[in-house]
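# Understanding the architecture of this molecule
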Amino acid sequence: MPVASAKDGYSEGLIIVGGQTIKGVGGGVCQVSTTLYQTAFWAGFPIVSRLEHGYWLSYYNDGEGPGMDATIYSPIVDFKFINNTPYHLLIENYYSAENEALTFKFYSTSMGRTIEKDGPVFENVTEVPGTDQDRWEYDPDLPEGTVEQIDWATEGADVYVTRRVINADGQVIEERVFASQTSLTPTPIIMALAWSHTIIPKCPKATDKLNEL
């Protein structure tokens, strides 16, 4: 994937940097890499490079569920798999604007493989952080005296998904555990202050600060 830039048609979206969600060009393209990862997973192709998101995203609970996402942010993070068959692989993708759905289709000569999936298995599950761990930060782009919540607290966990690739003779040719470590995430709230550009730690209530304006 080339570096995402506005001149190449990428728009601004949300990206995860430093444990929080911020705006960035190309944000949201991970939905493409996640869909491609799941397709390669079920096709039995070896996964060479795959990195989970920095924290648990609730909208990935649907479909294949937790532990089946793949983030991408060129040129730092990429998703890669290998076609380890002797045949060519044709990849097609379709986007339905009506359903807001992306579909990948792989076409090749069948090797008679079957795929088995176990999991997800959750370990080291952490509780959702309380409001005492909220983070307050200055945002010069917000109107003076306004508060905007840009992230929501989530639980964290180590998530494990096992894949077995079985060839046409019934032999297991790969058994691999895909691990995802999603960290505990406090709730950052962006607040614009006219006279200060400093981070305000652990502000208990938005209304308390608004009353000071």
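Now for a look at the structure at hand.

What counts, and at which threshold
- Residues numbered from 1 in each chain as written.
- Predicted model: local features only at pLDDT ≥ 70, side-chain atom pairs only at ≥ 80, totals over all residues.
- Heavy atoms only, no water.
- Core = buried A, V, L, I, M, F, W, Y, C linked by side-chain atoms within 4.5 Å.
- Buried < 20%, exposed > 50% of the residue type's maximum accessible area, 1.4 Å probe, protein only.
- Contact = heavy atoms within 4.5 Å.
- Helix = DSSP H or I, 4+ residues; strand = E, 2+ residues; numbered from the N terminus.
- Polar contact = N/O pair within 3.5 Å; in protein donor to acceptor, adjacent residues only side chain to side chain.
- Expected span 1.5 Å × (residues − 1).
- Salt bridge = Lys/Arg side-chain N within 4 Å of Asp/Glu carboxyl O.

### Quick notes on the nonpolar core
In terms of nonpolar packing, the biggest core is built from 13 residues, with Tyr37, Phe41, Ile47, Phe79 and Phe81 touching the most fellow members. Residues in contact with phenylalanine 79, not counting those within four places in the same chain, are Ser33, Leu36, Tyr37, Ala40, Ile47, Ser49, Arg50, Ala70 and Ile72.

### Examining the environment of arginine 113
Considering the arrangement of structural elements, one finds arginine 113 in the loop between β6 (101-107) and β7 (114-123). For the pair formed by arginine 113 and aspartate 169, sequence separation is 56 residues and the distance between their alpha carbons is 8.8 Å. The contact partners of arginine 113, leaving out residues within four places of it in the chain, are Ala43, Gly44, Phe45, Asn84, Thr85, Val165, Ile166, Asn167 and Ile173. Among the polar contacts made by the side chain of arginine 113, one reaches the side chain of asparagine 84 at a distance of 3.2 Å.

### So, helix α1 (residues 30-43)
For α1, with 14 residues, the first-to-last C-alpha span of 20 Å sits near the 20 Å given by 1.5 Å per residue. Looking only at α1, the buried set comprises Cys30, Ser33, Thr34, Thr35, Leu36, Tyr37, Thr39, Ala40 and Phe41. Each element contacted by the buried residues of α1 is listed here: β3 (47-49), β4 (80-81), β6, β7, β10 (157-166) and β11 (172-182). Note on α1: the residue one or two positions beyond its end, glycine 44, has a positive phi of about 85°.

### With respect to the pattern of salt bridges
Enumeration over the complete set of coordinates arrives at six salt bridges. Residue glutamate 64 is joined to lysine 117 by a salt bridge in which the shortest nitrogen-to-oxygen separation is 3.2 Å. Here the residue glutamate 64 occupies a position in the loop between β3 and β4, and lysine 117 occupies one in strand β7, the gap between them amounting to 53 residues. What emerges from the salt-bridge pattern is a single network uniting Glu116, Asp118, Arg164 and Glu175.

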